[in-house]
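# Fold and geometry: a report
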Amino acid sequence: MDDKITLAVREKAKELLEQKVVDCFIGYEKATDNLTSRPLFVYKPEQAERLVFDNTCVHNLSKYLLNKKDTKTAVVAKPCDARAIVVLLNENQVQREKIYIIGIVCPGVVDSRWGSAGTEPEVRCQGCPQHTPPLYDFLIGEPTDEVEQDAYTDVTAMEEMGDADREAFWKEQFQRCIRCYACRNVCPGCYCPVCFVDLKEPLWAGIRVAPGENWMWNNIRAFHLLGRCIDCNGCQRVCPVNIPLMLLNRKLKKEVAQAFAFIPGMDPKALAPLATFKKEELAEPSK
Amino acid sequence: MTSFITKTSLKTWLGTLLKDNTLVAPAAAAGLTFFRPVEKIEDIAFDFTNTALSPKSWFFPQTETLSGEIAGNGHKTLNPEALEKNAVLFGIRPCDARGLAVTDKVFLITPGDTSYIERRQRTTLVGVACLEERAECFCTRMGSSPNSPADVDILLTEDGDGYLVQVMTKKGQTLSAGAGQQQSDKAVPPIVPTKPPARLPLKSAGPSPDMDYWDQSIADRCIHCNICAFVCPTCYCFDTFDIEKEGKVERLRSWYTCQSPNFERIEGYMADAPKGVRMRHRFYHKLPLFPEQLGSGYAACTGCGRCVVSCPVNIDIREIMDDVEKFRASVGEEKAPQA
């Protein structure tokens with residue numbers, strides 16, 4: 001099945017580049033370990049042969065669309081990646097007419113890092129709201145209505161810790177943080193021209209890699225993705241010191257789902273609850 | 001004659017060292033291993049392959065704070081920091097020890113960096129040779145070797161229920177005096193052969209015919225995080241930040257990297273350059289430029305492979321060296337400007 005997807009991706013890439021529908025095609029190729037995959041930018045039809053697709057294609061390629069705003073670009077998108085594109089469209093960060101989406105009906109991806117392909121499904125695939133991308137120009141695979149219910153077992157376990165235990169748990173996690181900002185740079189939702197953490201005036205979090213400042217960085221990063229995170233697991237996957245960032249993101253996802261019955265990235269026309277302003281909200285809150 | 005120390009004696013010895021020294025050793029956390037000051041021998045991960053982060057952070061901490069006073073005339077004095085105790089770094093791999101030889105070139109140049117000098121002089125390196133080569137390792141391609149004793153004070157090579165001991169320096173002699181080693185008629189295995197350090201062959205600055213390669217094959221993919229520089233045993237760039245308050249001054253110093261867009265704003269050098277230039281600069285600095293500028297004889301890459309494993313998008317320095325070699329061959333020697 002994977003081979004079939006690979007062939008379909010190559011064929012489509014070749015066609016789009018030959019007919020000049022797009023100038024750049026972003027997909028995946030095999031990494032240097034010959035086990036996992038990495039992003040590939042294709043500019044010429046003859047390079048399309050390098051493209052692959054299998055269950056190690058973990059990267060969310062939608063992030064790269066932010067660097068290709070002036071180029072007509074095609075991108076391979078799993079459902080969660082397509083949801084990221086929906087968020088970027090909602091937030092006016094990319095133009096629909098500049099993007100060509102190759103949607104993949106996704107069987108799920110495995111937790112893989114360079115050197116080991118892994119066998120366990122990634123955390124995002126448990127509780128995946130949809131296996132068919134919500135938005136695409138060309139679909140590879142048979143569309144399915146299959147929906148997984150997110151049981152939030154990991155989040156519930158964290159909620160059930162006492163306050164002191166939970167604080168101790170996160171302090172322990174964040175003290176490992178080396179502030180490489182890979183979690184930010186890999187995230188399609190993090191596109192601010194100047195991130196708060198890089199600001200010297202006002203100083204939100206200083207350059208000191210120390211408990212308080214690491215705490216500030218990691219929490220604000222998560223809060224800025226409130227109601228916007230599409231669970232692509234990118235931040236957690238790239239973290240070189242194994243901080244379980246998705247646990248924070250998923251806690252916030254659960255809160256937004258409960259408060260607003262909203263899952264980000266599902267509908268290109270639906271605005272995120274926390275990015276929406278309604279006039280009637282000006283009224284005094286009822287006592 | 002070589003000497004030999006059993007695994008039990010090694011633990012006893014390390015236990016003795018713990019009394020008067022800070023013992024920095026590999027310790028497990030979150031499924032990974034990190035060099036950390038340990039409180040008891042049981043915390044040491046003796047069966048580690050290599051740590052997630054390099055031991056450079058012991059000598060060049062990710063964040064340092066120098067404190068000082070502001071005098072009446074506004075003159076500021078910063079007080080050098082002193083270690084409480086001498087330190088022993090146990091478990092350093094030969095590649096990471098080579099990394100220290102690289103950072104020495106930078107921080108020991110007269111007048112030297114007081115904090116680094118203090119930590120370096122007061123720390124004894126007890127290295128452990130690598131017996132297996134992992135998929136990401138390439139030290140033999142960078143002029144180092146999995147069992148090179150060149151850059152440590154003592155090198156241990158595992159052998160059966162103990163370690164063969166090579167004492168390389170005076171510092172090592174002093175430290176190992178009470179180690180409880182036995183004479184052994186076993187010879188230390190020969191040093192695994194190494195190639196001369198790899199160097200990128202093209203000119204290190206200015207416009208170059210290889211720019212398309214950097215722009216389209218490397219820069220497009222890079223997400224410009226700081227991982228490669230922060231896991232690297234040789235990257236030594238830093239940022240500083242001063243805080244003044246009530247007659248006191250604090251100078252913070254934290255790691256920084258040429259791959260961060262803010263860094264280039266400060267440095268100016270690459271301020272308006274495309275991403276590919278930034279990428280190219282990183283590899284050219286590590287490979288031809290560092291030995292040129294500091295006369296080290298070896299590159300500022302030791303082949304530890306950490307960036308290979310940790311890069312989120314698989315920017316693999318070995319592949320880059322191969323590609324640039326191929327490129328050089330394709331344009332011909334005469335067209336490729338020499339480094």
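Keep in mind the model is a prediction, meaning the values are calculated, not measured.

Further remarks concern the overall build of chain B. Helices and strands together make up the secondary structure of chain B, namely 11 helices and 12 strands. The principal-axis extents of the C-alpha atoms in chain B amount to approximately 60 × 60 × 40 Å. Buried positions account for 43% of the 339 residues belonging to chain B. Sequence-distant contacts, at least 24 apart, represent 70% of the contacts inside chain B between residues at least 6 apart.

This part covers the sheet that holds strand β8 (residues 154-159) of chain B. All names here are of chain B. Read from one edge of the open sheet, eight strands run β3-β2-β6-β7-β8-β9-β1-β10, paired in mixed fashion. Looking at which strands have only one partner, the edges of the open sheet turn out to be β3 (32-37) and β10 (182-184). With direction set aside, neighbouring strand axes in the sheet form an average angle of 30°. Summarising the sheet, strand β2 (residues 21-29) and β3 pair through six bridges and their orientation is antiparallel. Paired with Ala25 across the strands is Arg36, a residue of β3.

With that out of the way, let us pick up the domain arrangement of chain B. Residue and element names in this part refer to chain B. Domain assignment breaks chain B into domain 1 (2-65 + 79-184) and domain 2 (211-331). A separation of 26 Å is found between the C-alpha centroids of domain 1 and domain 2. With 26 residues of domain 1 at the interface, the matching set in domain 2 holds 24 residues. Counting residues per element, the ones that place at least two in the side of domain 1 that touches domain 2 are β4 (63-70) and α3 (94-107). Ranked by residue count, the leading element in the side of domain 1 that touches domain 2 is α3, at eight residues.

On to the interface of chain B and chain A, then. Contacts between chain B and chain A engage 33 residues on the former and 27 residues on the latter. Elements with a contribution of two residues or more to the side of chain B that touches chain A: α7 (227-231), β11 (238-245), β12 (248-255) and α10 (306-310) of chain B. Looking at side-chain class alone, the side of chain B that touches chain A contains 17 nonpolar, 10 polar and six charged residues.

The next point concerns the nonpolar core. Residues and elements named next belong to chain A. In terms of nonpolar packing, the biggest core is built from 144 residues, with Val75, Val76, Ala77, Ile85, Ala182 and Cys183 touching the most fellow members. Per element, the largest residue contribution to this core is seven residues, and it comes from helix α2 (residues 79-90). Once residues lying within four places of it in the same chain are set aside, the contact partners of Ala77 are Leu61, Ser62, Ala82, Ile85, Ile101, Ile102, Gly103, Ile104, Pro133 and Tyr136.

The subject of this paragraph is the packing of helix α3 (residues 153-160) of chain A against helix α8 (residues 245-260) of chain A. Residue and element names in this part refer to chain A. Their axes nearest at 9 Å, the elements α3 and α8 cross at an angle of 95°. By the angle between their directions, the pair α3 and α8 is classed as roughly perpendicular. Along the contact surface, α3 presents Asp154, Val155 and Met158, while α8 presents Leu247, Arg250, Lys251 and Lys254. Broken down by class, the residue content of the contact of α3 with α8 amounts to three nonpolar, no polar and four charged.

The subject of this paragraph is the environment of Lys69 of chain A. Residue and element names in this part refer to chain A. When you line up the elements, Lys69 lands in the loop between β2 (37-42) and β3 (73-77). For Lys69, a count of 12 C-beta atoms within 10 Å corresponds to the exposed category. Residues Lys69 and Lys253, 184 residues apart in the sequence, show an inter-C-alpha distance of 28 Å. Beyond its immediate chain neighbours, meaning those up to four positions away, Lys69 contacts Val94 and Lys98.

Below, the discussion takes up the sheet that holds strand β5 (residues 138-140) of chain A. Within a sheet, neighbouring strands are paired by backbone hydrogen bonds and run either parallel or antiparallel to one another. Residue and element names in this part refer to chain A. Read from one edge to the other, the open sheet built from five strands follows the order β2-β1-β3-β4-β5, with strand pairing classed as mixed. The open sheet has two edge strands, β2 and β5, and neither has a second partner. Neighbour to neighbour, the strand axes of the sheet diverge by 25° on average, direction disregarded. Pairing of strand β1 (residues 24-30) with β2, which is carried by six bridges, proceeds in the antiparallel orientation.

Here is what the cut-offs are and how they apply
Residues numbered from 1 in each chain as written. Chains lettered and ligands numbered in written order. Predicted model: local features only at pLDDT ≥ 70, side-chain atom pairs only at ≥ 80, totals over all residues. Helix = DSSP H or I, 4+ residues; strand = E, 2+ residues; numbered from the N terminus. Buried ≥ 20, exposed ≤ 12 C-beta atoms within 10 Å, placed from the backbone. Contact = placed C-beta atoms within 7 Å. Pairing = 2+ DSSP bridges. Axes fitted to C-alpha atoms, helices over the stretch in contact; angles between N-to-C directions. Domains from an automatic or database assignment. Nonpolar A, V, L, I, M, F, W, Y, C, P; charged D, E, K, R; others polar. Core = buried A, V, L, I, M, F, W, Y, C linked by C-beta atoms within 7 Å. Parallel < 35°, antiparallel > 145°, perpendicular 65-115°, else oblique.

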